[in-house]
Amino acid sequence: MRTGIVSAMPQELAAVLARLPDERRQQVAGRDFWAGHWHGHDVVAVLSRVGKVAAATTATTLIEHFGVDRIIFTGTAGGLGEGVRVGDLVLADAFMQHDMDASPLFPRFEVPLYGQSRFAVDAALSAALGRAARNAVAVPAETLGADAVAEFALDAPRVHEGLIVSGDRFVATSAESDALRAALPAALAVEMEGAAVAQVCHDYGIPFAALRTISDRADDAAHVDFMRFIDQVASRYSVAVLESYFSSL
């Protein structure tokens, strides 16, 4: 069983590679893929790159060239759902493209010729990732360090499970996030890649699961130092979750 690990940010990928004792770089499709082992389990780690097309290319290469049997995606997202706070984790149960609109030929959000707008994740893989995520947030000071918890005011972080929406636009204003909440009230978080990977995995019949750390509320009030948040919070969560997941297999 070979697992593809897709990271959204270079800092997350670096943290993953630090856990692989024997990583070997291969360049395919203009990307660096790192093959190695995590607790003896065969993995290939890669940076997704930004946007749906880039993420789809990355996922397809993992499947076609490296023969992965499942894909796990970690990264950050903007919070949309009520009660989804900075420092929380959102485990996807499905993905949609919030900027897909082929109307009037097809209903808004529906992917043409698929007859659906939502692409579900794999239930068993997602459940295992969820257990690992809840372990990671149980005592945040142990996972992140007391300084990071204090700096970002991470009070009792939670793991939420539900819809994540993706689009080729960085959502960072209150007007945009309000419009998304009105159009897609079930959405818990917004990012730029997951729906594309979910569609590729659907096409190939490959199990897929995704976990996003909330870095902001996708609005005008966002005040977090994003790059520092990646270093101090998101990358540490990603590694802790993956460590718990692979050690449990």
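Preceding this paragraph is the structure being described.
Below: a short report on this structure. (Residues numbered from 1 in each chain as written. Predicted model: local features only at pLDDT ≥ 70, side-chain atom pairs only at ≥ 80, totals over all residues. Heavy atoms only, no water.)

## Concerning the nonpolar core
Then, in step 1: Grouped together as the largest cluster of nonpolar side chains are 74 residues, with contacts concentrated most on Trp38, Ile71, Phe95 and Phe208.
Then, in step 2: Of all the elements, helix 8 (residues 226-248) adds the most residues to this core, at 10 residues.
Then, in step 3: Setting aside chain neighbours within four positions, we find phenylalanine 208 in contact with Ile71, Phe73, Phe95, Val121, Asp122, Leu125, Gly194, Val197, Ala198 and Cys201.
Then, in step 4: Listed in part, the 11 residues of the second largest apolar core include Met96, Val171, Leu180 and Leu184. (Core = buried A, V, L, I, M, F, W, Y, C linked by side-chain atoms within 4.5 Å. Buried < 20%, exposed > 50% of the residue type's maximum accessible area, 1.4 Å probe, protein only. Helix = DSSP H or I, 4+ residues; strand = E, 2+ residues; numbered from the N terminus. Contact = heavy atoms within 4.5 Å.)

## What about the environment of alanine 59?
Then, in step 1: Relative to the helices and strands, alanine 59 resides in helix 2 (residues 52-64).
Then, in step 2: When its relative accessible area of 1% is taken as the criterion, alanine 59 is described as buried.
Then, in step 3: As a C-alpha pair, alanine 59 and glycine 4 span 55 residues in sequence and 8.4 Å in three-dimensional space.
Then, in step 4: Those residues within four positions of alanine 59 in sequence are excluded, and the remaining contacts are Ile71, Val197 and Val200.

## Some words on the environment of arginine 212
Then, in step 1: With respect to the helices and strands, the residue arginine 212 is situated in strand 10 (residues 208-216).
Then, in step 2: Arginine 212 gets classed as buried once you look at its relative accessible area, which sits at 2%.
Then, in step 3: Taking the C-alpha atoms as reference points, arginine 212 and threonine 74, separated by 138 residues in sequence, lie 5.7 Å from one another.
Then, in step 4: Aside from chain neighbours lying at most four places away, what touches arginine 212 is Ala8, Phe73, Gly75, Thr76, Ala77, Asp88, Leu89, Val90, Ile164, Glu191, Glu193 and Gly194.
Then, in step 5: Within the structure, the side chain of arginine 212 is placed 2.6 Å from the backbone oxygen of threonine 76, a separation counted as a polar contact. (Polar contact = N/O pair within 3.5 Å; in protein donor to acceptor, adjacent residues only side chain to side chain.)

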